[in-house]
Amino acid sequence: MLRGGLWNMMVAMMLWAVWLAPCLGQTTSPSQDGKIKVRLAGYPRKHNEGRVEVFYEGEWGTICDDDFTLTNAHVLCRHLGFVEATSWSHNAKYGPGTGKIWLDNVICGGSENSIEKCVSRGWGNSDCTHQEDAGVVCKDERLPGFTDSNIIEMQVDENRLEKIRLRPLSGVHSGRVPVTEGLIEVKFKGGWGQICNTGWTIKNSRVVCGMMGFPLQRTMAGTPHSPQSVYRIHSVSCTGNEAHLSACSMEFGELNSSAPCPSGGPAAVSCVPGPRFTRSRSRRVKLNSTSTVRLKGGAKTGEGRVEVLKEKEWGTVCDDHWNLPSASVVCRELGFGTAKEALTGARMGQGMGPIYMNEVQCHGDEKSLWDCPHKSITAGDCKHMEDASVVCNIPYMGYEKTIRLTGGRTRLEGRVELLHSGGSGVRGWGLICGDGWTSREAMVVCRQLGLGHASSGLRETWYWDSSNVTEMVLSGVKCKGDEMTLTDCQHHSTVSCKRAGAEFSAGVICSDTASDLVLNAPLVEQTVYIEDRPLHLLYCAAEENCLTQSAAKANWPYGQRRLLRFSSQIHNIGKADFRPRLGRHSWVWHECHRHYHSMDIFTYYDLLSLNGTKVADGHKASFCLEDTQCHEGVSKRYECANFGEQGITVGCWDLYRHDIDCQWIDITDVKPGNYILQVIINPNFEVAESDFTNNAMRCNCKYDGNHVWLHQCHLEVLSPVLPCGSQINLEQTSL
């Protein structure tokens, strides 16, 4: 009986499987490119959760929650680059989607590498509504090799509105940038059309201006009707806080329709640009020093990790409930338009120090992020891996048209050529002198071209000689690193180049990612002390020039030197590992300390008078650039032992303890008084970083002849210094 019962059960299961297959459909067929695209959408949400949307046959659609399981969620999360799913949701928890419901009754076994390999009813075969859209929550841990962005973006209905532009009202303004006023034209699949201005409001204008990269709008007078106008939108109603016109209520005309605009004409706007984009702006824009918000770590203007100022200390914002309205408040506050993307999961790198805000929920009309409802951070609420970032809409300025790269192996590298006006007024291309050229100037070039971060700044480009351009048109370039164009940087008023040949012109290599080193300022303050060290223990330090010049006249090995000691903990908060510019074959061996120097100068230590004059100094070669410790979940990659590779991994830090050689300033000849302690990391910009403005630290220092005290240690932006005798022209309008 038992055997017969088992046999009958097996037969029944086989028959059930045969019946089930036609009902559910076969394993979904692959997309035309062989890979289905998947994204997480909806909000409020974090970067590792959301409504599941799949891209098939040129259209985004959702998945119904019928028969949905955690196993399905595992497959989707792995497809998105996460290690696994922690849960899933039903009934459109993250809001109902739009468009197609592509999949229904999905059943995965767990080993599939894509949702298309699972059993379902087939593409587009569903009896669900969008109130049944499925969502997933993925474990916030990435699979190795995945670099896809964690983005919360406006889900624009692509069938309704593709692009938007402003057409200048008259030929007088044609060709000027930025275009601040004009007729609104919207692009659909059928071409470009206009909007009827009947019932048009200033709130509508605010949305359009925000999309075009402008923070404010002006009242615009009516525009005359044009017989050639094609009105694709006949009515628009915005609250003014939308990040995109598609989020407003609209009444659409028929495709290819030329229906009239009753008692009106085409809608137009007049926008107010931010200070960075005014036509009359100084070539070196001074940012508002009273601003309580800033962006750090971004490759392009208008993007970065959000940092806010509180009690003279900068901190970050946690990404819980981070969305486009809150991101747009940040963008407008900084003089940009609305937010194009609200990024979570420390996409622009992890910050340091305090996390000030959590669960920020702006309405969109606030003047400052601090005006928005939010929660203060308590212990354990958030970590820096949850730092929020933004990508803002900025006006189109055409900066990339005045600079180019030539001769490189890819579009990301090459000799830098600049468009300039010659003596006869004819515009032509010229070279930039490579003297003093660093990765800080290179990062401005890469930003101007929209090619991301700089990887290298090159002073010789003989191997990229593929152009007939030979004239040097710019020299002595010194940038802070945050300029929008190269001509915003300091440079000589008259070209003066020691090596004038084209082979000595400047070049760059750009990259998607870069490192970013930051010194732990509080640790310096906590670990400082004075040591009187006997000379017989300082032979190796003297060999590496870690003592002042007066030490050479001392009565060796008798006597002592007075040393100002402290620890340096240097974090890499960027998106790429910090590696020495030279490979191991070029490192220098120092027999006395028995180690390799991968960089001759890694850090400067200076003691300054209150007026900025240097009274004592020290330096630190990177004799052991390694991962001392890392954040949770990050593995060490660099170790100096046994001639190992040197570097600092993203999310790790290198600690130079106060008790190792050369971790000091020799203050033997310094008199008691008040001073400034200054530490500068990567001072010669030898290795590219995403942000050089956070490489310097200063502390107030009090020395009474026997003891030393530091207070108010903080990061400080240092201005670029030109060589002695250089002339600077800040208004090079001829370029």
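- Naming follows an unreviewed UniProt entry, where the protein chain appears as Lysyl oxidase homolog of Triplophysa rosa.
- Looking at the Cofactor (unreviewed entry) heading of the UniProt record, one finds this comment for the protein chain: "Cu cation".

**Points about the overall build of the protein chain**
Right, on to step 1. Looking only at helices and strands, one finds 7 helices and 41 strands in the protein chain.
Right, on to step 2. When contacts within the protein chain are restricted to residue pairs at least 6 apart in sequence, long-range pairs at least 24 apart make up 72% of them.
Right, on to step 3. Split by element, the accessible area of the protein chain, about 34200 Å² in all, is 51% carbon and sulfur.

**Looking at the nonpolar core**
Most often, soluble globular proteins have nonpolar side chains that are buried together.
Right, on to step 1. Counting residues in each nonpolar core, the largest one holds 33 residues, and the members touching the most others are F602, L607 and L677.
Right, on to step 2. Elements with a contribution of two residues or more to this core: β28 (517–519), α6 (521–527), β34 (603–608), β39 (673–681), β40 (696–703) and β41 (708–715).
Right, on to step 3. Ranked by size, the runner-up nonpolar core spans 28 residues in total, among them L295, V308, F336 and C392.

**Regarding empty space enclosed by the protein**
Right, on to step 1. In total, this model carries 2 cavities of 30 Å³ or more according to the counting rule given.
Right, on to step 2. Approximately 40 Å³ is the volume found for the largest cavity.
Right, on to step 3. If you trace the largest cavity, you find it lined by G297, R305, M348, G349, H453, A514, D516, I573, G574, K575 and S690.
Right, on to step 4. Residue composition of the lining of the largest cavity, by class: 3 nonpolar, 5 polar and 3 charged.
Right, on to step 5. Taken as a whole, the second largest cavity spans an internal volume of roughly 40 Å³.
Right, on to step 6. Elements with a minimum of two residues in the lining of the second largest cavity: α5 (439–448) and β25 (453–458).

**A look at the sheet that holds strand β38 (residues 664–666)**
The pairing of strands in a sheet happens through backbone hydrogen bonds and is either parallel or antiparallel.
Right, on to step 1. Read across the open sheet, the 3 strands follow the order β29-β30-β38; overall the sheet is antiparallel. A strand with exactly one partner marks an edge of an open sheet, and here the two such strands are β29 (529–534) and β38. Direction aside, neighbouring strands of the sheet carry axes that sit 35° apart on average.
Right, on to step 2. Here β29 pairs with strand β30 (residues 560–565) via 6 bridges, running antiparallel.

About the criteria used
Residues numbered from 1 in each chain as written. Predicted model: local features only at pLDDT ≥ 70, side-chain atom pairs only at ≥ 80, totals over all residues. Heavy atoms only, no water. UniProt positions renumbered as here; feature names shortened; annotations may be inferred. Helix = DSSP H or I, 4+ residues; strand = E, 2+ residues; numbered from the N terminus. Contact = heavy atoms within 4.5 Å. Areas by Shrake-Rupley, 256 points an atom, 1.4 Å probe, with all protein chains shown as cover. Core = buried A, V, L, I, M, F, W, Y, C linked by side-chain atoms within 4.5 Å. Buried < 20%, exposed > 50% of the residue type's maximum accessible area, 1.4 Å probe, protein only. 1 Å grid on protein atoms, 1.4 Å probe; cavity = no way out; pocket = protein on both sides within 12 Å on 5 of 7 lines; lining within 4 Å. Points joined across faces, edges and corners; volume = space filled by probe spheres on them. Nonpolar A, V, L, I, M, F, W, Y, C, P; charged D, E, K, R; others polar. Pairing = 2+ DSSP bridges. Axes fitted to C-alpha atoms, helices over the stretch in contact; angles between N-to-C directions.

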